[in-house]
Amino acid sequence: MVKKAAVDRLLDLSVVHTAREGAHWALTHGLPRAMISRMAARGDLQARLITAGGDDDEMMFDLIEELRARGPVVKSGLSYLTPDHAVVREVLTSNAFRTGIPGRTGALGAVGDWLAFNVLHPVQPPSLLVTEPPQHTRYRKLVMRVFTMRAVERLRVRTEEIATGLLDDLERRAGAGEDIDLVEHYCARLPVTVIAEILGVPEAEQARVLAFGAGAAPSLDLGLTWQTYRDVNRSLADFDAWLGEHLAYLRHNPGDNLLSELVAVQTEEGSSPRWS
């Protein structure tokens, strides 16, 4: 009887979780997805860029060229777009602009936030991408205490060493007659190796962290399908759990990496390490 009650309780919780997940998807991706599809059919450039995704490289290049041809700032039905570096720099450095995600403000945005799950997400607070002062200022000061000019210079030198090592590995593979995938064997491995060293990730776990990143990457997109949305949620939850354990380990076993230094700074400040 006790076991059956426990199983029933778990099933009830699973149903509630799925219902809440479905409601959150419908509000933050399902409805926007339908709207974006209609806008794309009417020719909206940003909507066409979103719906094209990465399925058709030639189409994406054509759309990007169309964006460039329209000028430094292009207004779509969703937001403003720019292919211009100077405009991007001005927006990112000017106090006249604030962060925001289309469709995630106002009453609907508040409901979406209420339905969201308590897991680290790149476009939800406390992510630095969507946090405004004074929280953003506090987080940035903590990060800047670690990412000093000296630390960045050491990272530059180490990045060059990693890049050289990967190129040497490509040469070895070519000499052995192996097929070489430049994206898989160099472009993907370089950033993840550098990030892994910043985070103090053991080499044996780097492939796992790379899988977390690949699974969570679509979280930056609008209009996800239901299956992609669920896959992203699982990847984010798995990474959140792993990161919590990793941070706890680094607090007691700090290493020669920037994340260990950041954990120490956060401990001094008396703040929680669970922010991105």
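Here the residue numbers are simple positions, counted from 1 along each chain's written sequence. With pLDDT at 70 or above as the cut-off, local features in this predicted model cover only qualifying residues; side-chain atom pairs require 80 or more to be listed or tallied, and sums for whole chains, interfaces and linings still use all residues. For the side-chain quantities, the full set of heavy atoms in the structure was used; hydrogens and water were omitted.

Another point: the packing of aromatic side chains. In summary, the pairing rule links any two rings of Phe, Tyr or Trp, Trp by its six-membered ring, whose centres are within 6.5 Å, and it sorts them by plane angle into stacked for under 30 degrees, edge-to-face for over 60 and tilted for everything else. Going through the model one piece at a time under the given rule, you end up with five aromatic pairs. Where F239 meets W242, the ring centres are 5.8 Å apart and the plane angle is 25°; that geometry is what we call stacked. With F239 and W242 both in helix α11 (residues 226-252), this residue pair falls three residues apart, about one helical turn. Cluster of aromatic residues (ring-pair linked, three or more members): W25, W226 and Y229. Here the basic side chain of K75 rests over the ring of Y80, its NZ or CZ set 5.9 Å away from the ring centre. Each helix is a run of DSSP H or I of at least 4 residues and each strand a run of E of at least 2, with the numbering of both proceeding from the N terminus. The criterion is that NZ of a Lys, or CZ of an Arg, lies within 6 Å of the ring centre and within 35 degrees of the ring normal, and then a charge sits over that ring.

Take the environment of A52 next. Secondary-structure assignment places A52 in helix α2 (residues 45-52). For every residue, the accessible area obtained with a 1.4 Å probe (protein chains only) is divided by the maximum for its type, and the residue is called buried under 20%, exposed over 50%, and partly exposed between those limits. The buried category is assigned to A52, whose relative accessible area is 7%. As a C-alpha pair, A52 and L63 span 11 residues in sequence and 9.0 Å in three-dimensional space. Note on contacts: a residue pair is in contact if any heavy atoms of the two residues lie within 4.5 Å. If we skip the residues at most four places from it in the chain, A52 touches M59, M60 and L63.

With that settled, the discussion passes to the nonpolar core. In these notes, a set of buried Ala, Val, Leu, Ile, Met, Phe, Trp, Tyr and Cys residues joined through side-chain atoms within 4.5 Å is what counts as a nonpolar core. If you look at the biggest cluster of nonpolar residues, it comprises 26 residues, and the most contacted ones within it are Y186, L190, V201, W242 and L259. Counting only elements with at least two residues in this core, the list comes to α7 (149-175), α9 (189-199), α10 (206-216), α11 and α12 (258-269). Residues within four places of V201 in sequence aside, it is in contact with A196, Q206, V209, W242 and H246. L45, A52, L63 and V74 belong to the second-largest nonpolar core, a separate cluster that totals eight residues.

Such coordinate-based values are descriptive only and should not be taken to indicate function.
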